[in-house]
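# Per-entry structural report
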Amino acid sequence: GAGVSQTPSNKVTEKGKYVELRCDPISGHTALYWYRQSLGQGPEFLIYFQGTGAADDSGLPNDRFFAVRPEGSVSTLKIQRTERGDSAVYLCASSLGTGSTEAFFGQGTRLTVV
Amino acid sequence: AQRVTQPEKLLSVFKGAPVELKCNYSYSGSPELFWYVQYSRQRLQLLLRHISRESIKGFTADLNKGETSFHLKKPFAQEEDSAMYYCALRGVTGGGNKLTFGTGTQLKVEL
């Protein structure tokens, strides 16, 4: 594809609901990252996949957050029992592999929990 | 732990004036440093990385390990440089592949 694609671009949900955010990486990119960007802050790391497995999930804030990448391509970030503090822009990035390769970012999903 | 500090939230300069966006980092190992830029209504994109030692759109940045800094510089600002700039660090040793970002500096170039 032309780049990293994230859907939906905007999501409004009620407190306590479950949401799924989708990321389509650039074809052939084995590494995939999720970041969260709150207002006035830089992106904060959540989780990193190499292929199908989560190589580093140290940034997930708590067990309400979970991400999968079952076939090593598309990834879904899942948030259970959403809270107002989860409101942020969720960014996905992909790269060819590990090491010094450029990470390409998607446009992000703006999540608003009301 | 790795940390990136960008002390200025907003930097306003006139067109043609020099620009310096400050970035300091904290990391015990050997870091890789990057500058990312986000133009209005566009996605975050890589501007330059220290290992490439290149100039992109007239911008340069030198890694100073003694001062733990990676300031972004351009001798003559252009209107199209107005954007949000983020400094980021990737720990080569023990830091995995994640990027740690600063809080960003909004550069506004005025005519």
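Please refer to the structure placed before this passage.
The structure contained in this document is the topic of the report that follows. In this convention, every chain numbers its residues from 1, walking through the sequence in written order. Chains and ligands are labelled by the order in which they are written, letters from A for the one and numbers from 1 for the other. Reporting of local features is limited, given that this is a predicted model, to residues whose pLDDT is at least 70; pairs of side-chain atoms are given and counted only at 80 or more, and all residues count toward the totals for whole chains, interfaces and linings. Heavy atoms from the whole structure form the basis of all side-chain values; hydrogens and water molecules are not counted.

## Points about unusual backbone geometry
Which entries qualify depends on this criterion: Between buried and exposed lies partly exposed: a residue is buried under 20% and exposed over 50% of the maximum accessible area for its type, with that area taken using a 1.4 Å probe on protein chains only. Helix and strand definitions here come from DSSP, where helices need a minimum of 4 consecutive H or I residues and strands a minimum of 2 consecutive E residues; each element is numbered from the N-terminal end.
Omega for the peptide link from A:T7 to A:P8 comes to -10°, which places this bond in the cis form. The backbone of A:R81 sits at a positive phi, close to 45°, despite the residue not being glycine. Residue A:R81 is classed as partly exposed on the basis of its relative accessible area, which comes to 46%. Despite not being glycine, B:K57 shows a phi value in the positive range, around 55°. Note that B:K57 resides in the loop between β6 (45–49) and β7 (60–61).

## Notes on the sheet that holds strand β8 (residues 72–74) of chain B
All names here are of chain B. The condition is simple: Each pair of strands is called paired provided DSSP finds at least two bridges between the two strands.
Reading across the sheet, the three strands line up as β3-β8-β7 and stay open at both edges, with antiparallel pairing between neighbours. Every other strand in the sheet has two partners, leaving β3 (19–21) and β7 as the edge strands with one partner each. As judged from the three bridges shared by β3 and β8, these two strands associate in the antiparallel manner. By the bridge assignment for β8, V19 is matched with K74.

## Topic: the sheet that holds strand β3 (residues 19–24) of chain A
Residue and element names in this part refer to chain A. Operational definition: For every element, the axis is a line fit to its C-alpha atoms; helices are fit only across the contacting stretch, and the angle between N-to-C directions ranges from 0 to 180 degrees.
On the basis of which strands lie adjacent, the open sheet formed by four strands has the order β1-β3-β8-β7 and antiparallel pairing. Two strands close off the open sheet at either side, each with one partner strand: β1 (5–7) and β7 (65–68). Geometrically, the sheet is characterised by an average inter-axis angle of 15° between neighbouring strands, direction not taken into account. The pairing of β1 with β3 spans three bridges and is antiparallel. Within β3, the position partnered with T7 by the bridge is R22.

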